[in-house]
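# What the coordinates show
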Amino acid sequence: MQAYEKLGLFYLGKAVDPQSGEPGPGHLLYDSRDLVTHAVCVGMTGSGKTGLCVTLLEEALIDKIPVIAIDPKGDLSNLMLTFPSMEAKDLLPWVNPEEARRKDMTVEQYAEAQAGRWRRGLAEWDQATDRIRMLRDAADFALYTPGSTAGLPVSILDSFSAPAQHAGGDLDLLKDRISSTAAGILGLVGIQADPLRSREHILLANIIENAWLGGKSLTLGALIQSVQSPPMQRIGVFDLESFYPAADRMELAMTLNNILAAPGFETWMQGAPLDAGSLLYTPEGKPRLSIFSIAHLSDAERMFFVTMLFNQILGWMRSQPGTTSLRALVYMDEIFGFLPPVAEPPSKKPLMTMLKQARAFGLGVVLATQNPVDLDYKALSNTGTWFIGRLQTERDRGRLLDGLSSAAGGKDLTIGGQSLPDVIAGLKTRVFVMQNAREDEPVLFHTRWALSYLAGPLTRTQIRDLTAQAGVTAPAEAPAAAFPAPARAAAASAIKPAIPVSLTEWFAPAETAGEGRTVYHPFLYASGKVQLASSAHGIAQTEAYRHILELEPNMTGAPWERAKALSLEAAGLLRPRAEEGQFAPLPSSLLQARPLLQAQKDYEDFLYVEGRLTLRKSALFKVVSAPGESEREFRIRLQQLAREKRDFELDKLRRRYAPKQRSLERQLLRAEQRIEREKEQLGQQKVSTAISLGATLLGALMGRKAISVGTLGRAGTTARQASKIGREKQDIRMAEETIESVRQQIEDLEEQLQLEADQLAAAFDPELETLQEIVVKPTKSDILLEGFGILWVPFRYSGSGSPEPLFP
């Protein structure tokens, strides 16, 4: 295994010598924690920008960092094309037939050539094909196509759900989310609304705010209905009719209704919920790559969807604890139009909020564009890493260099003694400058070979085939438990049956009316509280329970394990009488005291079991799950905890090895400088000796005296110089041996560092751990029965179909 694995380091390529332009022998490694301060990648078409960003995402996934990637162009679907065997049959469906024709090859021949090219490329960049398998095993892959069924569909319904974060008191964030949501909806129908001047925007924002502050979620249909009949009578100091007359509101409602009525819009309501937590992790807690391909959407639809997605990510982000390690990545390719320097599209505000605040939560944002002028420089000032490739115009280079110089405090930037402007002007394909705020100077590097097969943008048909072949499934929302329909025939009467005086009676409210008759059916209702306490695990809580159970004709007890749990408070059930309707008969068993007493006792026994709290313990990290924390949530928390501990211990390890490493590097530098001096001196001695020897031979050849004082003197000098050359050569050999010895010590030190780092990585791998279960049980005295009696539940009977419950 290569040294760059499992260390939170991303292998991006190899450093390039600015003088020769050739990659060096080592690996350019990028600390994943640097992405917490975000990154931007700029480069013209053909610069290799997509390849660099793909490799960056590959490294994140190998390190088990979940990723949400937004793909306006269609290139990121290539991340799904990962084939560990890298054979021609793997690539055959994805190679470009036109490219094969231009090269005078059959598609099969071209696929074979591409497979061989990819295997050679991986080998040249020190990557075995096993690394592709490592990538596939590290994460779950899903390709979404909002508004289309080519890939996995995604539902936007959750985009209008009341966010939970406003309970924390951050009303500014809530208002920003309301504003961008309203602007996104209006943009979908072509209304470019000013939040301060547009009455359409102000009305929608007030409707959404009224619902969300009340903890009520909206649907698009309910929002449109609220436009017709808003829940408020005044907007600011004006009454509703003066601010926005009913006729004008109807026109806006009709315009918005056209969204729902448009052919194909139902696909926006199907599929996986737009929930950031589910998009980042599978139900089992495995990291996920969620690619959103939006190339097929119109500009208005893209803006709407991206705005809704950014809002969902923001809501998830605010619910996470703080960290200094990278928790997740959000990547957007071709950011043009979504973060402009002057305009304020709906997407800009949530994206700016992420760039300013996400680092505190470990969420990294990576943006890519062809032109630096497309980006707001206030946003770029919040990015710690810049990847700079070939740029098309002098204006682009000038704009970028101004920003880099400003970030560097106005000082001149150089790479290897060359000025940064000159280096950027001469960049080749796949060669980038990396300016990292945490490094002393920029680095020139050549990107590594991608593990994914870079086939280019995929067609909708290819996306459909890819999704089907990959066998990926969307994160499904857990279905709500169905309300139990009455099993008995509705032999109803307008007169409510009398119930025993020992029983309390409740009436459930009917949520909707409609055609047909309303019949109230009796259900057994019970509620209670369970107190749990455990000083060992820091638990002291009281949990409330409410259940209803369908009555049976001959009850001798109550099977409460088949009961339905109710979320509605008991106070919401208290009604002096039922709404208008008929009543189903009561089972005769309810007129007897013994079955009722047994049913009540059965409920207490049920709560004794139901009220137990199962916790999970990680012996590796010595932490216990929180009450109500699912195994999935606990494992996700352990993954982040493992990453934080690994980074912390790795920093300690580096600090421990740093003095020895610096000492060896200084020795190596001195030895290299010495050998350069010796070689220089040797060269001078050779020149001097050659001149002296030439003079001796020349004198003899020119007929002078064969032996004279001058001749003997010159010959003696030549002998002494030859002896000195021998000593210089011996000094060079000794210096070379010293260099080899120091290099070997450095290699030994790096091997020892790698060994300890691998041990750290294995020590903090939560996937290898089997969690222990801890059960906290209540005592009988900890169970308090609060309510017991009959709950009349309304059902609507219409036609020959099954009765429809009117109680939510």
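Look up a bit, the structure's there.
Here goes a summary of the coordinates provided. (Residues numbered from 1 in each chain as written. Predicted model: local features only at pLDDT ≥ 70, side-chain atom pairs only at ≥ 80, totals over all residues. Heavy atoms only, no water.)

## Regarding the pattern of salt bridges
The cut-off we apply is this: In the sections that follow, a salt bridge refers to a side-chain nitrogen of Lys or Arg positioned within 4 Å of a carboxyl oxygen of Asp or Glu. Helix and strand definitions here come from DSSP, where helices need a minimum of 4 consecutive H or I residues and strands a minimum of 2 consecutive E residues; each element is numbered from the N-terminal end. Residue burial is assigned from relative accessible area. The probe radius is 1.4 Å, only protein chains are included, and a residue is buried under 20% of its type maximum, exposed over 50%, and partly exposed in between.
One pass over the full model with this rule turns up 35 salt bridges. Between D34 and R438 there is a salt bridge whose closest N-O contact spans 3.0 Å. In this pair, D34 is assigned in the loop between β2 (28-31) and β3 (39-42) and R438 in the loop between β16 (431-436) and β17 (443-447), connecting sequence segments 404 residues apart. Overall, D34 belongs to the buried group, its relative accessible area being 5%. Residue R438 is classed as partly exposed on the basis of its relative accessible area of 48%. Among the ionic contacts, a cluster of salt bridges with common partners joins D31, R33, D63, R646, D647 and D651.

## With respect to the sheet that holds strand β11 (residues 328-332)
Short version of the rule: Being paired, for any two strands, means DSSP has found at least two bridges between them. To define axes, lines are fitted to C-alpha atoms, for helices over the stretch in contact only, and angles between the resulting N-to-C directions are given on a 0 to 180 degree scale.
A sheet is described by the order of its strands in space; here 11 strands give the open sequence β2-β1-β17-β16-β13-β3-β12-β11-β4-β10-β5, paired in mixed fashion. Sheet topology places β2 and β5 (140-144) at the edges, where each strand pairs with a single neighbour. Geometrically, the sheet is characterised by an average inter-axis angle of 25° between neighbouring strands, direction not taken into account. Across four bridges, strand β1 (residues 9-15) lies against β2 in antiparallel orientation. By the bridge assignment, F10 is partnered in β2 with Y30.

## Regarding the sheet that holds strand β25 (residues 772-776)
As summarised here, the arrangement of the three strands in space is β24-β23-β25, forming an open sheet in which the pairing is antiparallel. Single-partner strands in this sheet number two, and they are β24 (623-624) and β25. In this structure, strand β23 (residues 613-618) lies alongside β24, joined through two bridges in antiparallel fashion. Residue pairing in the sheet places K617 in a bridge with V624 of β24.

## Details of helix α4 (residues 107-124)
Using the following cut-off: Any helix carries an expected span of 1.5 Å times its number of residues minus one. In what follows, residue pairs with any heavy atoms lying within 4.5 Å of each other are defined as contacts.
The end-to-end C-alpha separation of α4 is 25 Å, in line with the 26 Å expected for 18 residues at 1.5 Å each. Those residues of α4 that sit buried are Y110, A111, Q114, A115, G116, W118, G121 and L122. Buried residues along α4 sit against α2 (88-91), α3 (97-102) and α5 (130-138). At the exit of α4 stands D126, carrying a positive phi of roughly 60°.

## Regarding unusual backbone geometry
Despite not being glycine, D126 shows a phi value in the positive range, around 60°. Mapped onto the elements, D126 comes out in the loop between α4 and α5. Residue class for D126 comes out partly exposed when judged on its relative accessible area of 27%. The phi dihedral of R430 is positive, around 70°, even though this residue is not glycine.

## Considerations on the packing of aromatic side chains
As a reminder, the rule being used: In this scheme Phe, Tyr and Trp rings, the latter by its six-membered ring, pair at centre separations within 6.5 Å, and the angle between planes marks the pair as stacked below 30 degrees, edge-to-face above 60, and tilted otherwise. Here, over-ring charges are defined by two tests on the NZ atom of lysine or the CZ atom of arginine: distance to the ring centre within 6 Å, and angle to the ring normal within 35 degrees.
Under the counting rule described, the total for this entry stands at 16 aromatic pairs. Measuring from centroid to centroid gives 6.1 Å for F265 and W268, while their planes differ by 25°, and the two rings are stacked. Its relative accessible area of 7% is what places F265 among the buried residues. Their ring planes at 75° and their centres at 6.2 Å tell us that F387 and F445 sit as a pair that is edge-to-face. Of the two residues, F387 sits in strand β13 (residues 385-388) while F445 sits in strand β17, which places them 58 residues apart along the sequence. Judged on exposure class, the residue F387 and its partner F445 are both buried. The ring of F141 is capped by R136, whose NZ or CZ atom sits 4.3 Å from the centre of that ring. Of note, K780 hangs over the ring of Y608, and the distance from its end group to the ring centre comes to 4.7 Å.

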